[in-house]
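# Observations on the model geometry
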Amino acid sequence: MTGCSRLGYYAHCTQGHLALLADRTPISELLADPATPDNLAAHLREFSRIRDFASNELHLPDNGSYRSYSDLQRPYATWNVVAAEEFDLAPLRWCFPFAGCLPYQGFFERPRAEAFAAKLNQQGHDTYLYGVAAYSTLGWFDDPVLNTFIDKSLADRAGIIFHELAHQEFFLENDPAFSEGFAMAVEQLGVERWLARHGSPSALAAYQQRLQQEEDFNRLLGRLRRQLETLYHRPLCPDCKRQAKERLLSSFLTQYYHWKMQWNNDGRYDHWVSNRLNNAKLASVNTYHQLVAGFRSLFDAQGGDFRLFYKAVKQLGELPEHERTNRLLKLDRNFADKRR
């Protein structure tokens, strides 16, 4: 940790983290308190059932995480900034104690995130700033349920708990695509199992359709990524690349609106697509979704047993990065062929 700005950033994170943890109240106390609003109590009871399911059925860590509640009095837990070079789809990385190197920098205050993104923009980078509802200390502390995600849909609430506990089960330092792909797979598999046991058939069908739409959308983004990668490797002048990049991004918007019509004009991605689509945004999606299908295929290969799946993931994580990534991408192709 060198430089005043870096020390200032760590101080900000420490203060934000301690403030978040200091406001925790055990869910059991809130449920026993007659002053707790009925709507909040109903949500907290649901979270308790989800939390028990995570450990009992998905065999995720059984600890004090998500057994308390904290109201942050703000819409997001943190704000992340992703950045990439103007002609490169790989995100910049920042390295931190315990978490290793990550493709984003997080802030507990939006103005700090905006100032950081503005500085990167001035340096010529593509940037993407977004709010994050959940917060994880990777098992170092007992993370609370937050007001920032308590009103989300049942599937989203369960997914957040499963995703963050998956990070506690296994987190591979310095390989965010592997760690997030694993957590996303656990999230999806866990929600499907939760809805099959505690939801309705229509809720499960709606969630699976949503996953299919998300996969379809990511394929559309994948084609754009390949087009941009080809452009960035061409021996063109910077202005020529810049103009060609804008043409590709504009053309993508037209393709997107045609694609959207195939999904009954569902506009859930409209704002994300139309609001300054750039390399940083594409990088953020790729980090979370690149390896999910490979992990799901690995889960199937373990007979749908979560404990065997976690063991297989940890063994895979011992391999060199290029080897484990290639294995997951091969499993991804097998998963796609099976679904066809």
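Residues numbered from 1 in each chain as written. Predicted model: local features only at pLDDT ≥ 70, side-chain atom pairs only at ≥ 80, totals over all residues. Heavy atoms only, no water.

Turning next to the overall build of the protein chain. When helices and strands are tallied, the protein chain shows 13 helices and 8 strands. Whereas a compact globule of 340 residues would reach a radius of gyration of roughly 20 Å, the protein chain reaches 21 Å, a difference of no more than 12%. Summarising its shape, the C-alpha atoms of the protein chain cover approximately 65 × 55 × 45 Å along the three principal directions. Here the protein chain holds 340 residues, and 50% of them are scored as buried. Counting contacts in the protein chain only where the partners sit at least 6 residues apart, residues at least 24 apart contribute 73% of the total. Charge-centre separation for the protein chain: the mean point of 40 positive side chains lies 5 Å from the mean point of 41 negative side chains. (Helix = DSSP H or I, 4+ residues; strand = E, 2+ residues; numbered from the N terminus. Rg over C-alpha atoms; globule rule 2.2 N^0.38 Å. Buried < 20%, exposed > 50% of the residue type's maximum accessible area, 1.4 Å probe, protein only. Contact = heavy atoms within 4.5 Å. Lys, Arg positive; Asp, Glu negative; His and termini not counted. Charge placed at Lys NZ, Arg CZ, Asp CG, Glu CD.)

Right, let's get into empty space enclosed by the protein. Inspection of every chain in the model, using the stated rule, returns 1 cavity of 30 Å³ or more. Approximately 30 Å³ is the volume found for the largest cavity. The wall of the largest cavity is formed by Val 82, Pro 103, Tyr 104, Tyr 130, Ser 284, Thr 287 and Tyr 288. In terms of residue count, helix α10 (residues 279-289) provides more of the lining of the largest cavity than any other element does, 3 residues in total. Class assignment for the residues of the lining of the largest cavity results in 5 nonpolar, 2 polar and no charged. (1 Å grid on protein atoms, 1.4 Å probe; cavity = no way out; pocket = protein on both sides within 12 Å on 5 of 7 lines; lining within 4 Å. Points joined across faces, edges and corners; volume = space filled by probe spheres on them. Nonpolar A, V, L, I, M, F, W, Y, C, P; charged D, E, K, R; others polar.)

Turning our eyes to something else, we now look at the confidence of the model for the protein chain. Here the protein chain shows a mean pLDDT of 93. Residues at 70 or above account for 96%. Considering each helix and strand of the protein chain separately, the mean pLDDT is smallest for helix α1 (residues 4-22), with a value of 79, and largest for helix α12 (residues 306-317), with 98. (pLDDT = per-residue confidence, 0-100.)

Let's shift gears to the side chain of Lys 281. Along the polypeptide, Lys 281 turns up in helix α10. Nearest to the buried, unbridged Lys 281 among oppositely charged side chains is Asp 126, at 11 Å. Apart from the residues lying within four places of it in its own chain, the contact partners of Lys 281 are Tyr 128, His 271, Trp 272, Asn 275 and Arg 276. (Salt bridge = Lys/Arg side-chain N within 4 Å of Asp/Glu carboxyl O.)

Tracing the backbone shows Arg 157 in helix α5 (residues 154-169). Of the buried charged residues, Arg 157 lacks a salt bridge, with Glu 46 as the closest side chain of opposite charge at 5.4 Å. In this structure the side chain of Arg 157 is engaged in a polar contact, spanning 3.1 Å, whose partner is the side chain of His 43. Not counting residues within four places of it along the chain, the set of residues in contact with Arg 157 comprises His 43, Glu 46, Phe 47, Ile 50, Phe 149, Ile 150 and Lys 152. (Polar contact = N/O pair within 3.5 Å; in protein donor to acceptor, adjacent residues only side chain to side chain.)

This brings us to the sheet that holds strand β1 (residues 25-26). Across the sheet, which stays open at both edges, the 3 strands sit in the order β1-β2-β8 with mixed pairing between neighbours. Only two strands of the sheet have a single partner each, and these edge strands are β1 and β8 (145-146). Here β1 pairs with strand β2 (residues 68-70) via 2 bridges, running antiparallel. Residue Thr 25 lies in a different strand from β2, and its bridge partner there is Tyr 69. (Pairing = 2+ DSSP bridges.)

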